2 protein chains.
Amino acid sequence: MVTKQFRGSPEDADLTRADSLAREIFSDIANKWALLIIEALGEGTLRFGELRKEIDGISHKMLTQNLRMMERNGLVERQVHPTVPPRVEYTLTEPGAALRATVDAMCDWTHRYLGDIEASRGRFGSGPAASG
Amino acid sequence: MVTKQFRGSPEDADLTRADSLAREIFSDIANKWALLIIEALGEGTLRFGELRKEIDGISHKMLTQNLRMMERNGLVERQVHPTVPPRVEYTLTEPGAALRATVDAMCDWTHRYLGDIEASRGRFGSGPAASG
DNA sequence: CGGAATCCTTTCCGATACTG
DNA sequence: CAGTATCGGAAAGGATTCCG
């Protein structure tokens, strides 16, 4: 039940704390860039620059920011090779790989219903017109 | 391949248009509130006010805004009962219900890895400390 | 090459007021 | 009860610059 969060009742402090944490994590990953990064890393390990090229439209800043967040949450592992120029590689962890299956499903869904959605958009606006 | 979007090449106009649309839809639904609404409607039809109560922390405005977007994309159906006071009900469509399975998986994932993530967060910050 | 900090614009989102 | 519109602060996010 991720829809619920915390209410201030002191008794169920543990339950509400878990709910609050669940919601926080959910909010972290229910984000465009994070999901696209997971999708991109699904193929295997990628360097920072490769990720940037793979994910169309992501900025340097957003990529860094989301990778930090995902590293903190243990979704990706960051490996720094102390060469020059530096080489930094990102890999999905086991939790990250598990989430990847879900993201794949979301991508499949998108392509599966692309036509329906386009049609729905066409109807929207012309649909609920006045009757008289 | 939702990670790719459109490049201005005139030849593959159709392909890039589809990619662009796919990314747009993906961005629409890869959003905290939209996913929580889908999750909430998974149980069955709910009124506006019920949704508001079900989804902790969502504001009147965000709920309206996301419901419009989801209606436009054909994820939810909106039924207005011309009573007084008005009664408006929201139900998942078939595409919406299909997406629900994915969102459920995301919620399951969240609870499944809650502990791991919390542990990872604890390590983060104290991990990459200087060696000397 | 990858990261961090800065600046600046855009978007998000809550609060409020008003309508039917 | 549900929806729309407006306002203003907060946060997101892009561009740029400097560092190792």
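Here the residue numbering is sequential within each chain, running from 1 through the sequence in written order. Labels follow written order: the first chain is A, the first ligand is 1, and so on. For a predicted model such as this one, the threshold for reporting local features is a pLDDT of at least 70, and the threshold for listing and counting side-chain atom pairs is 80 or more; totals across whole chains, interfaces and linings nevertheless cover every residue. Heavy atoms from the whole structure form the basis of all side-chain values; hydrogens and water molecules are not counted.

**Student:** Help me get a handle on the pairing of strand β3 (residues 87-92) of chain A, residues and values and all.
**Tutor:** Residues and elements named next belong to chain A. With two bridges connecting them, strand β1 (residues 46-47) and β3 associate as antiparallel partners. Within β3, the residue paired with L46 across the bridge is Y90. The hairpin turn running from strand β2 (residues 76-81) into β3, its antiparallel successor, is five residues long. When DSSP locates at least two bridges between a pair of strands, those strands are taken to pair. Note on conventions: DSSP H or I runs of at least 4 residues are helices, E runs of at least 2 residues are strands, and numbering of each starts at the N terminus.

**Student:** Can you explain the relation of the copies chain A and chain B? Please cite residues and give values.
**Tutor:** Once chain A has been moved 0.0 Å along the axis and rotated by 180°, it coincides with chain B to within an RMSD of 0.0 Å. Such a combination of rotation and displacement between the chain copies is what one expects of a two-fold axis. By definition, residues are in contact when any of their heavy atoms lie within 4.5 Å. Mapped onto chain B, 100% of the interface residues of chain A again fall at the interface, so both copies present the same surface. Least-squares superposition aligns the copies on the C-alpha atoms of those residues with pLDDT at or above 70 in both.

**Student:** Hey, could you go over the environment of D28(A) for me, with residue numbers and the actual values?
**Tutor:** Within the secondary structure, D28(A) is located in helix α1 (residues 13-29). Note: C-alpha distance between D28(A) and T93(A) (65 residues apart in sequence) is 17 Å. Excluding anything up to four places from it in sequence, D28(A) contacts A34(A), M69(A), N73(A) and R121(B). Side chain to side chain, D28(A) and N73(A) meet in a polar contact 3.0 Å long. Whenever a nitrogen or oxygen atom comes within 3.5 Å of another N or O atom, the pair is scored as a polar contact, on the condition that within protein one atom can donate a hydrogen and the other can accept it, and that pairs from neighbouring residues in sequence are kept only if both atoms are in side chains.

**Student:** With reference to specific residues and values, describe the protein's contact with DNA strand C.
**Tutor:** Throughout this document, a residue counts as near a molecule or strand when at least one of its heavy atoms sits within 4 Å of that molecule or strand. Not every one of the 17 residues close to DNA strand C is listed here, only the nearest: F48(A), H60(A), Y90(A), S59(B) and K61(B). What you see for DNA strand C is that sugar and phosphate hold 61% of its atoms within 4 Å of the protein. At a separation of 2.7 Å, a phosphate oxygen of DNA strand C approaches a polar side-chain atom of Y90(A). Secondary structure elements with two or more residues in the surface near DNA strand C: α3 (48-54), α4 (60-72) and β3 of chain A together with α4 (60-72) of chain B. Here the element with the most residues in the surface near DNA strand C is α4(A); it accounts for four residues.

**Student:** Can you break down the protein's contact with DNA strand D residue by residue, with the values?
**Tutor:** Taken together, the neighbourhood of DNA strand D is formed by 16 residues, with S59(A), K61(A), F48(B), G49(B) and Y90(B) sitting nearest. By atom count, sugar and phosphate contribute 61% of the portion of DNA strand D lying within 4 Å of the protein. A distance of 2.8 Å separates a phosphate oxygen of DNA strand D from a polar atom in the side chain of S59(A). Going through the elements one at a time, α4 of chain A together with α3 (48-54), α4 and β3 (87-92) of chain B are the ones with two or more residues in the surface near DNA strand D. The residue classification treats Ala, Val, Leu, Ile, Met, Phe, Trp, Tyr, Cys and Pro as nonpolar and Asp, Glu, Lys and Arg as charged. All others, Gly included, are polar. The class makeup of the residues in the surface near DNA strand D is seven nonpolar, four polar and five charged.

**Student:** How would you explain the pairing of β2(A) if you had to name every residue and give the values?
**Tutor:** With six bridges joining them, β2(A) and β3(A) adopt antiparallel strand pairing. Each residue of the ladder has a partner; that of Q79(A), found in β3(A), is E89(A).

**Student:** Please give an account of the UniProt feature "domain: HTH hxlR-type" (unreviewed entry) in chain A that cites residues and values.
**Tutor:** UniProt positions are given in the numbering used here, feature names are shortened, and annotations may be inferred rather than shown by experiment. As annotated in UniProt, the feature "domain: HTH hxlR-type" (unreviewed entry) corresponds to residues 18-118 of chain A in the numbering used here. Helix makes up 65% of residues 18-118 of chain A and strand 14%, whereas the separation of the span's terminal C-alpha atoms amounts to 39 Å.

**Student:** Can you lay out the side chain of R23(B) for me, pointing to particular residues and giving the numbers?
**Tutor:** By the element assignment, R23(B) lies in helix α1 (residues 13-29). No salt bridge is formed by the buried R23(B); the nearest opposite charge belongs to D56(A), separated by 5.6 Å. A polar atom in the side chain of R23(B) sits 2.9 Å from the backbone oxygen of V2(B). Burial here depends on accessible area, computed with a 1.4 Å probe over protein chains only, as a share of the maximum for the residue type. Under 20% is buried, over 50% is exposed, and the range in between is partly exposed. For the purpose of charge, His is not counted, nor are the chain termini; Lys and Arg are scored as positive and Asp and Glu as negative. Salt bridge, as used here: a side-chain nitrogen of Lys or Arg that lies within 4 Å of a carboxyl oxygen of Asp or Glu.

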